[in-house]
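Structural overview
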Amino acid sequence: MNAAMKITALLVLKAAPETTDPVILANASDVSHFGYFQRSSVKEFVVFVGRTVASRTPPSQRQSVQHEEYKVHAYNRNGLCAVGFMDDHYPVRSAFSLLNQVIDEYQKSFGETWRSAKEDSAQPWPYLADALTKFQDPAEADKLLKIQRELDETKIIIHKTIDSVLARGEKLDSLVEKSSDLSMASQMFYKQAKKTNSCCTIL
């Protein structure tokens, strides 16, 4: 994996309490550091894990989920949720200041239109793709931190594994099987990787 790579993906989702499955409003990812044949599966896993974590992040909560060498950070502001896939070295506070900024920008650009979203949007949002590139350097996100004092007031909940985010009795394996975000190829990929314990380094 490219040592300079800090952020694999940023997503914005509608994760309002009345929404059973969060709706993807915007999604930007850079999977160039994965093998060519893994890339489409990695993109599907980003969507699957992003949706799974967003649906378990209540409004006004911030949480980080550790998964192998990744952290998945999620911040839900009144039902609008930003999710970031960062590597372990990306500072947590910088990650959340970036997610805060992403939500601000989304609301500036789209107002409250997200509230009526019923299905995933495939529409690219240029700001998110730019942010994915610009904020690979946590120092850029730290500049935001100086402006965002209110981050200090909010506790960040840290989960050691993705299973600890799931409801009691829920298992990642069964969510993988039921997910419509994952093609059969990606489900196979997950099972193989799990067997060899080298899971897709994303899940």
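These remarks concern the structure in this document. (Residues numbered from 1 in each chain as written. Predicted model: local features only at pLDDT ≥ 70, side-chain atom pairs only at ≥ 80, totals over all residues. Heavy atoms only, no water.)

Quick look at the pairing of strand S1 (residues 7-14)
Spelled out, the test is: Only protein chains enter the calculation, and the probe is 1.4 Å; a residue is then buried if its accessible area is under 20% of its type maximum, exposed if over 50%, and partly exposed in between. We count a stretch as a helix when DSSP gives it H or I for four or more residues in a row; a strand needs E for two or more, and each element gets its number in order from the N terminus. Any two strands with at least two DSSP bridges between them are considered paired.
By the criterion of burial, S1 is predominantly enclosed, with eight of the eight residues buried. Examined bridge by bridge, S1 and strand S5 (residues 80-87) share seven bridges and lie antiparallel to one another. Paired with Ala9 across the strands is Phe85, a residue of S5. Relative to strand S2 (residues 23-29), S1 runs antiparallel, the two being bridged by six bridges. Across the sheet, the residue bridging to Lys14 is Val23, located in S2.

Description of the pattern of salt bridges
Stated precisely, the cut-off is as follows: By definition, a salt bridge exists where a carboxyl oxygen of Asp or Glu is found within 4 Å of a side-chain nitrogen of Lys or Arg.
Considering all chains together, one arrives at six salt bridges under this definition. Among the ionic pairs, Arg51 bridges to Asp120, the shortest N-O distance being 2.7 Å. Remark: Asp120 occurs in the loop between helix H2 (92-110) and helix H3 (126-134) and Arg51 occurs in helix H1 (residues 39-55); sequence separation between them is 69 residues. Judged by relative accessible area, which is 9%, Arg51 ranks as buried. A salt bridge links Asp181 to Arg51; its shortest N-O distance comes to 2.7 Å. Placement of Asp181 in the loop between helix H5 (172-178) and helix H6 (184-196) and of Arg51 in helix H1 is noted, with a sequence separation of 130 residues between them. Like Arg51, Asp181 is buried. Each of Arg51, Asp120 and Asp181 takes part in salt bridges that share partners, so that together they form one network.

Some remarks on the packing of aromatic side chains
To keep it simple, the criterion reads: Stacked, tilted and edge-to-face pairs are distinguished by plane angle, under 30 degrees for stacked and over 60 for edge-to-face with tilted covering the rest, among Phe, Tyr and Trp rings (Trp via its six-membered ring) whose centres lie within 6.5 Å.
Evaluated as defined, the whole model comprises six aromatic pairs. Residues Phe45 and Phe48 carry aromatic rings whose centres are separated by 6.3 Å and whose planes lie at 70° to one another, so their mutual orientation is edge-to-face. On the criterion of helical spacing, the pair formed by Phe45 and Phe48 is a turn pair, its members being three residues apart in helix H1. Owing to a relative accessible area of 0%, Phe45 belongs among the buried residues under this scheme.

Some thoughts on the layout of surface pockets
Going by this rule: In this analysis the probe radius is 1.4 Å and the grid spacing 1 Å, with only protein atoms considered; a cavity is a set of points the probe fits into but cannot get out of, a pocket is an open set with protein on both sides within 12 Å along at least five of seven lines, and lining residues have an atom within 4 Å of a point. Grid points are joined across faces, edges and corners, and a volume is the space filled by probe spheres set on the points. Asp, Glu, Lys and Arg are counted as charged, while Ala, Val, Leu, Ile, Met, Phe, Trp, Tyr, Cys and Pro are counted as nonpolar; the rest, among them Gly, fall into the polar class.
Estimates place the volume of the largest pocket at around 220 Å³. Along its surface, the largest pocket is lined by Thr20, Asp21, Phe48, Arg51, Thr52, Ser55, Arg56, Leu175, Lys178, Ser179, Ser180 and Asp181. Within the residue set of the lining of the largest pocket, elements represented by two or more residues are H1 and H5. For the lining of the largest pocket, the leading source of residues is H1, giving four residues. Here the lining of the largest pocket is composed, by residue class, of two nonpolar, five polar and five charged.

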